Amino acid sequence: MKANSPVERLYNGIYKENPTFVLMLGMCPTLAVTTSAVNGLGMGLTTAAILAMSNMIIALLRKVIPDKVRVPAYIVIIASFVTIVQFLLEGFIPSLYDSLGLYIPLIVVNCIILGRAEAYANKNTVVASLFDGIGMGLGFTVGLTCIGIIRELLGAGQIFGFQVMPAAYEPITIFVLAPGAFFVLAFLVALMNKFQIGAARRGTDKEKVGGCSKDGCANCTNHTCGGKIFDITE
Amino acid sequence: MSEMLHVSSSPHIRSKVTTQSLMFMVVIALLPASCFGIYNFGLHALLIIAVTIASCLVTEFVYEYFMHKTITISDGSAVVTGLLLALNMPPSIPWWIPVLGGVFAILIVKQLFGGIGQNIMNPALAGRCFLLISFTGHMTNFAVPAGAFGHVVDTVSGATPLAAVKAGEAVNLTSMFFGNTAGTIGETSVVAILAGAILLVGFEVIDLRVPLTYIGSFAILVVIYGLAVGKGFDMNFLAAQLCGGGLMLGAFFMATDYVTTPITKTGQLAYGVILGLLTWLFRMFGNSAEGVSYAIIFSNLLVPLIERVMRPVAFGKGGKKA
């Protein structure tokens, strides 16, 4: 995949650098609102919409915003979108607005949004930044929805409000309380590491960094990689 | 000749104490309390003890087998965890709840943190608190199951003596001391627990520093509290607080767990006082009548901090600089 192409950005956001399971960003809403799958999905999509738009605007303005005041400028842009989305939610999906409550205005200081603005949108093109925002937002949505589904299933016997467990199932209440959020997050991160580290060990996900020569490691003077980066089978 | 030339590096004198022998001692010391629980609450209590231990052993085996780790079920630590967890269960609990608690205690609290010696809090108590939060109704239902041998005095209300004390009712101190009261399987009989504790101290498995500072600081705080709120010195209240609930079982068998207790002597004293203070806070000011479990796992989490503050100074390194 070509770097910074839309597809690569989506793959990067959803799987490779998933904000919830790999970057570990935005933990506050991740742990707090995922008591049910609907809340997780709602929070994820809300954040995704704001992230995509703020990334796009910040990339558009990246040459205009002076470097010294860039963070306040980003905050103003993000806060505007959060306000718009908050009013839209209040007007059209009041049930979600009520259950997310305080966490909607807190999206302003969500570290994924600020992080992507700072790390990506202020040095890349508008299209790439837009897709970076969509990818990261969808990754966040997937993460939150997964956590929400597991917590709702174990803690209430339901998924998206539908009873899936037999009536005899007694909900393990701790999973809809705060400790359950940590348990589920930890298990999902462990699972993600299992896949990603496994892939890295097998060599399917290796990326050669600059400086790897065709001769392999024999004549290479860069020893920081410890011989792990050059794939001898190629 | 070959025996004379046997050369080995130090240490040459080794202690015969092993994890296995220590855990065996603890199990022996818990037998009086377990037997009394079965006598008091009937065969359902025996079933609970059996399934909880089995659940812990199976969880440990399955995890270690699939993670390609050394199988440590024979060292007995899982048996002790299971037994302690079972003794913390109300007598009429459905059998699957302690099974789930055993899985949680071994898998999440013990194995995921690195197995024996690495757990950050007492696995049995963490398992109990997990169940207490998840299945509050079952875990606080102290009704005595049918088929009990009929020795429990207060079978009508099903309230534990500690809850009765909290509600301001009179309790029978003699039955609290001998254990004919409602409560969890292993906590009711102070006599049986003390018998086990004497065994543990006699075999030098535990020393009395933590239990005594724990119980002592708790007792002093209860007396001060009584004086401060104007009730005066109430011997019955103090005795009921000491004999009731999980204080004795917790102080002798769970607060003394090697892994989650400070190493230094001053650290152990501080740990005991913190335990007493927290138990007192939870019991006097909390919603629930009982607070020993939460006090112990909370103090377990403070242990690294205590160790850090109470670290002894090496000879020649301390004192004022000239």
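Quantities reported herein were computed from a predicted structural model and do not represent experimental measurements.

## Concerning the overall build of chain B
- Looking only at helices and strands, one finds 14 helices and 0 strands in chain B.
- Secondary structure elements of chain B, listed N to C terminal, follow the sequence α-α-α-α-α-α-α-α-α-α-α-α-α-α.
- In terms of overall size, chain B behaves like a compact globule, its C-alpha atoms giving a radius of gyration of 21 Å where 322 residues would be expected to give roughly 20 Å.
- If you line up chain B on its principal axes, its C-alpha atoms span 75 × 55 × 35 Å.
- By residue count, 49% of the 322 residues in chain B fall in the buried class.
- Taken as a whole, chain B presents about 15800 Å² of accessible surface, with 68% of it coming from carbon and sulfur.
- Counting 15 positive and 13 negative side-chain charges, chain B places the centres of these two groups 15 Å from one another.

## Some points on the overall build of chain A
- Counting secondary structure elements, chain A contains 8 helices and 2 strands.
- Counting over 234 residues, chain A shows a buried share of 40%.
- For chain A, the accessible surface area stands at approximately 12200 Å², while carbon and sulfur atoms represent 69% of it.

## Looking at the layout of surface pockets
- The calculated volume of the largest pocket comes to roughly 560 Å³.
- Lining the largest pocket are 18 residues; nearest its centre among them are Ala190, Leu191 and Lys194 of chain A together with Met67 and Leu112 of chain B.
- Secondary structure elements with two or more residues in the lining of the largest pocket: helix 8 (178-202) of chain A together with helix 2 (43-66) of chain B.
- Each residue belonging to the lining of the largest pocket can be placed in one class, and the counts come to 14 nonpolar, 2 polar and 2 charged.

## Some words on the interface of chain A and chain B
- At the junction of the two partners, chain A supplies 8 residues and chain B supplies 10 residues.
- Each partner contributes to the roughly 770 Å² buried at the junction of chain A and chain B, and carbon and sulfur atoms together form 78% of this total.
- At the junction of chain A and chain B, the tally comes to 0 salt bridges.
- At the junction of chain A and chain B, the tally comes to 3 residue pairs in polar contact (both at pLDDT 80 or more).
- Here the residues of the side of chain A that touches chain B sort into 6 nonpolar, 1 polar and 1 charged.

## Examining the pattern of salt bridges
Residue and element names in this part refer to chain A.
- Under the criterion given, the structure shown has 8 salt bridges over all chains.
- Of the charged contacts in the structure, one is a salt bridge between Glu8 and Arg9, with a shortest N-O distance of 3.1 Å.
- Residue classification places Glu8 among the buried positions, given a relative accessible area of 11%.
- Put simply, Asp132 and Arg116 hold a salt bridge, and the shortest N to O gap is 3.0 Å. Taken together, the residues Asp132 in helix 7 (residues 126-156) and Arg116 in helix 6 (residues 111-119) connect sequence positions 16 residues apart.

## Regarding the packing of helix 3 (residues 77-87) of chain B against helix 5 (residues 123-134) of chain B
Residues and elements named next belong to chain B.
- Viewed as axis vectors pointing N to C, helix 3 and helix 5 meet at an angle of 40 degrees, and their least axial separation amounts to 8 Å. By the angle between their axes, helix 3 is oblique relative to helix 5. By crossing handedness, the relation of helix 3 to helix 5 is classed as right-handed. Here helix 3 contributes Thr81, Leu84 and Leu85 to the contact with helix 5, which in turn contributes Pro123, Ala124, Gly127 and Arg128.
- The residue inventory of the contact of helix 3 with helix 5, partitioned by class, reads 4 nonpolar, 2 polar and 1 charged.

## Topic: the nonpolar core
- Phe253 and Ile296 of chain B are the most contacted members of the largest nonpolar core, which totals 87 residues.
- If you look at the next biggest cluster of nonpolar residues, it comprises 26 residues, including Met43, Ile65, Leu100 and Ile104 of chain A.

## What about the packing of aromatic side chains?
- Considering all chains together, one arrives at 12 aromatic pairs over all chains under this definition.
- Residues Phe175 of chain A and Phe183 of chain A carry aromatic rings whose centres are separated by 6.5 Å and whose planes lie at 65 degrees to one another, so their mutual orientation is edge-to-face.
- Its relative accessible area of 13% is what places Phe175 of chain A among the buried residues.
- An angle of 90 degrees between the planes, with centres 5.4 Å apart, marks the rings of Trp280 of chain B and Phe285 of chain B as edge-to-face.
- Taking the relative accessible area as the measure of exposure, Trp280 of chain B reaches 13% and is therefore buried.
- One aromatic cluster is present, formed by Phe175 and Phe183 of chain A together with Phe104 and Phe130 of chain B through successive ring pairs.

## What to know about the environment of Gly276 of chain B
Residue and element names in this part refer to chain B.
- Within the element layout of this structure, Gly276 appears in helix 13 (residues 265-285).
- Take Gly276: its relative accessible area is 0%, and that puts it in the buried class.
- Residues Gly276 and Pro211, spaced 65 residues apart in sequence, show a C-alpha to C-alpha distance of 9.5 Å.
- Ignoring sequence-local partners within four residues, the contact set of Gly276 consists of Tyr214, Ser217, Phe218 and Leu221.

## Here's the deal with the confidence of the model for chain B
- Taken residue by residue, chain B gives an average pLDDT of 87. The fraction at 70 or more is 92%.
- Overall fold confidence (pTM) sits at 0.84, and the ipTM for the predicted complex is 0.81.

## Observations regarding unusual backbone geometry
- Residues Ser10 of chain B and Pro11 of chain B are joined by a peptide bond in cis, for which omega reads 5 degrees.
- With respect to the helices and strands, Pro11 of chain B occurs in the segment before helix 1 (19-41).
- With a phi angle near 70 degrees, Asn4 of chain A is a residue other than glycine that sits in the positive phi range.
- Assignment of secondary structure puts Asn4 of chain A in the segment before helix 1 (6-16).
- Among the residues examined, Asn4 of chain A registers a relative accessible area of 33% and is labelled partly exposed.
- Positive phi, close to 55 degrees, is recorded for Met24 of chain A, a residue that is not glycine.
- Looking at Met24 of chain A, the relative accessible area reads 38%, which means it is partly exposed.

## Here's the deal with the environment of Met1 of chain A
All names here are of chain A.
- Inspection of the secondary structure assignment puts Met1 in the segment before helix 1.
- Separated by 146 residues in the primary sequence, Met1 and Ile147 have C-alpha atoms spaced 29 Å apart.
- Other than its neighbours up to four places away in sequence, Met1 contacts Val7, Glu8 and Tyr11.

Rules of the game
- Going along each chain's sequence as written, the residues are numbered from 1 onward.
- Whichever chain is written first is A, and whichever ligand is written first is 1; the rest continue in order.
- Side-chain atom pairs in this predicted model are given and counted only at pLDDT of 80 or more, local residue features only at pLDDT of at least 70, and totals for whole chains, interfaces and linings cover all residues.
- Derived side-chain values reflect all non-hydrogen atoms in the structure, with water molecules and hydrogen atoms excluded from consideration.
- Going along the chain from the N terminus, every DSSP run of H or I of four or more residues is numbered as a helix, and every run of E of two or more is numbered as a strand.
- For a compact globule the rule gives 2.2 Å times the number of residues to the power 0.38, and the radius of gyration it is set against comes from C-alpha atoms.
- Each residue's exposure class comes from its accessible area (1.4 Å probe, protein chains only) as a fraction of the maximum for that residue type: buried when under 20%, exposed when over 50%, partly exposed otherwise.
- For the area figures, the Shrake-Rupley method with a 1.4 Å probe applies, and any residue is considered shielded solely by the protein chains shown.
- His is not counted, nor are the chain ends, whereas Lys and Arg count as positive and Asp and Glu as negative.
- Charge positions come from single atoms, namely NZ of Lys, CZ of Arg, CG of Asp or CD of Glu.
- As defined here, a cavity is a set of points on a 1 Å grid over the protein atoms alone where a 1.4 Å probe fits but cannot get out. A pocket is an open set with protein on both sides within 12 Å along at least five of seven lines, and residues line them when an atom is within 4 Å of a point.
- Grid points are joined across faces, edges and corners, and a volume is the space filled by probe spheres set on the points.
- Residues were grouped as follows: Ala, Val, Leu, Ile, Met, Phe, Trp, Tyr, Cys and Pro as nonpolar; Asp, Glu, Lys and Arg as charged; and all remaining residues, including Gly, as polar.
- In what follows, a contact means two residues having at least one pair of non-hydrogen atoms within 4.5 Å.
- By buried area we mean the combined loss of accessible area, with a 1.4 Å probe, across both parts when two parts are placed together.
- We define a salt bridge as a contact between a side-chain nitrogen of Lys or Arg and a carboxyl oxygen of Asp or Glu at a distance within 4 Å.
- Here a polar contact means two N or O atoms within 3.5 Å. Within protein one must be a hydrogen donor candidate and the other an acceptor candidate, and residues neighboring in sequence count only if both atoms are side-chain atoms.
- Here the axes come from fitting lines to C-alpha atoms, over the contacting stretch only for helices, and the angles between their N-to-C directions go from 0 to 180 degrees.
- The scheme is simple: roughly parallel for angles under 35 degrees, roughly antiparallel for over 145, roughly perpendicular for 65 to 115, oblique for anything else.
- It is the rotation of the near helix from the far one that decides the hand of a crossing: anticlockwise by less than a right angle makes it left-handed, clockwise makes it right-handed.
- Working definition of a nonpolar core: buried Ala, Val, Leu, Ile, Met, Phe, Trp, Tyr and Cys residues. They are joined through side-chain atoms within 4.5 Å.
- Each Phe, Tyr or Trp ring, with Trp reduced to its six-membered ring, pairs with another whose centre is within 6.5 Å; inter-plane angles below 30 degrees give stacked pairs, above 60 give edge-to-face pairs, and intermediate values give tilted ones.
- Scored from 0 to 100, pLDDT reflects the predictor's confidence in each residue.

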